[in-house]
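# An overview of the molecular structure
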Amino acid sequence: MTFDRILTHRQEFPFLDQYAYFNYGGQGLMSRRALEAVTQAQETLQRIAPFSQAAYDYSLQLTDDLRRAIAGELGASPDSITLTEDTTVGCNIALWGLDWQAGDHLLITDCEHQGVLAIVQELQHRFGIEVSVCPLLPTLNGGDPVATLVSHLRPNTRMVVLSHVLWNTGQVLPLEQMVAVCHSHSDRVRILVDAAQSVGVLPLNLTTLGADYYAFTCHKWWCGSAGVGGIYVRPEVREELRPTFIGWRSIRTNAQGKPIAWEGGGKRYEVATSAVALYPGVTTAIHVQQKFASAVERYEMICDRSRYLWQQLQTIPQVKTLRSTPPESGLVSFQMTSGQHKALVTALEAEGILVRLLLDPNCVRACTHYLTVEAEIDRLVGAIAAIIDR
Ligand SMILES: Cc1ncc(COP(=O)(O)O)c(C=O)c1O
């Protein structure tokens, strides 16, 4: 990949050079084409009359295009994809959809997002399920996440909740092996994967990966519209996962328009009116990335950039990266010996450098995308060193 090619590609992102952006794990930057696709869809809907047969057909087309684009990137059939607003809605679909019985056990890792944790706490409250925590944080620089998982499974474990890429440390979990040990533990165990930080980063084939539910968003690493996400539900476990929020998009109707059955595939978890004009912002974003490079190449570029950032951070004595070896994702988390993480994030933002604060572990997270160039990383590291010296 020539440097010129990356620079040319970066020109497709109108705001990329306005600041030094390291918050892709929060939200990506949209390309000009993706932004235009959203505007164009909004205008088209108005022009053809937003509530009309033509608009209905157009919306269906936008929905189908998106479902196919997502499925292609995830190595799954379009039928297995449910469109949602974000990762957390997908997690809700999986967590509320199971037929929980009092005494069932749910195992969740110690590195999950607070939104998902809150759902699990409410499930515990409503259904009297057992919840325990699988300590994966200590495996960041050694140890075996698979063995840790196995030692925390119980005979009554019904669901394991984990992230493919841990949002706080950037650790990539050996998901295929983790799925395999859960499924061989008991055929009742289901695995919910929070894929907020893996979709758009890792090359994926969900069909061979075997996870039961894989919930993701399109607005982070894919650089698509905020407000569009999804969940993959493994077709073999779809029938047992009942829809919780239900509406006209979830069902098939008879000649009188009355509900007679669930929609056939992942559509059964979709509810009603959505912001379909946002969809081409994701479909286009995916196509822009695919046209630039393959998923494997993009992942290699992400890791190349995060390795460079990680290496540069080692040159500042007052900074300690959480990982003792180069990252395997685009997330680079570090701590300052001063502990002044919030002050650092604020000071960097004042200089147009965007990183984020994390609370557990208390640290600063900087994300490198395949779009990131070394000059931006140098600017970040230089600014950190200068702020420390002030
Ligand atoms: C691991 C993880 N899960 C869930 C979320 C929430 O994502 P969303 O807003 O798409 O639901 C995030 C966002 O930062 C995340 O990093």
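Fair warning: this is a prediction, and the values are worked out from it, not measured in the lab. Within any chain, residue numbers begin from 1 and follow the written order of that chain's sequence. Residue-level local features of this predicted model are given only where pLDDT is at least 70; pairs of side-chain atoms are given and counted only at 80 or more, and the full residue set underlies all totals for whole chains, interfaces and linings.

## Side note on the pairing of strand β12 (residues 331–336)
- Between any two strands, at least two bridges found by DSSP are needed for them to pair. Think of it this way: any DSSP run of H or I at least four residues long counts as a helix, any run of E at least two long counts as a strand, and we number them from the N terminus. Pairing of strand β11 (residues 319–321) with β12, which is carried by three bridges, proceeds in the antiparallel orientation. Counterpart to Thr 321 in the pairing with β12 is Phe 334.
- One ladder, built from four bridges, connects β12 with strand β15 (residues 362–367); its direction is antiparallel. Of the residues in β15, the one forming a bridge with Val 332 is Ala 366.

## What about the pairing of β15?
- Counting other C-beta atoms within 10 Å of a residue's own tells you its class, since 20 or more makes it buried, 12 or fewer makes it exposed, and anything in between is partly exposed; those C-beta atoms are placed from the backbone. In terms of residue burial, β15 counts as a mostly covered element, since five of its six residues are buried.
- What sits between strand β14 (residues 356–359) and β15 in their antiparallel hairpin is a turn of two residues.

## Quick notes on the domain arrangement of the protein chain
- If you check the domain split of the protein chain, you get domain 1 (3–30 + 294–389) and domain 2 (38–288).
- Where each domain starts and ends follows an automatic or database-derived domain assignment. Of note, the centres of domain 1 and domain 2, computed from C-alpha atoms alone, are 27 Å apart.
- We call two residues in contact if the C-beta atoms placed from their backbones are at most 7 Å apart. At the junction of the two partners, domain 1 supplies 26 residues and domain 2 supplies 22 residues.
- Of all elements in the fold, only α10 (295–313) and β12 reach the threshold of two or more residues within the side of domain 1 that touches domain 2.
- Element by element, the count of residues in the side of domain 1 that touches domain 2 is highest for α10, at four residues.
- Partitioning the side of domain 1 that touches domain 2 into residue classes produces 13 nonpolar, nine polar and four charged. Polarity classes work like this: nonpolar for Ala, Val, Leu, Ile, Met, Phe, Trp, Tyr, Cys and Pro, charged for Asp, Glu, Lys and Arg, and polar for all others, with Gly in that last group.

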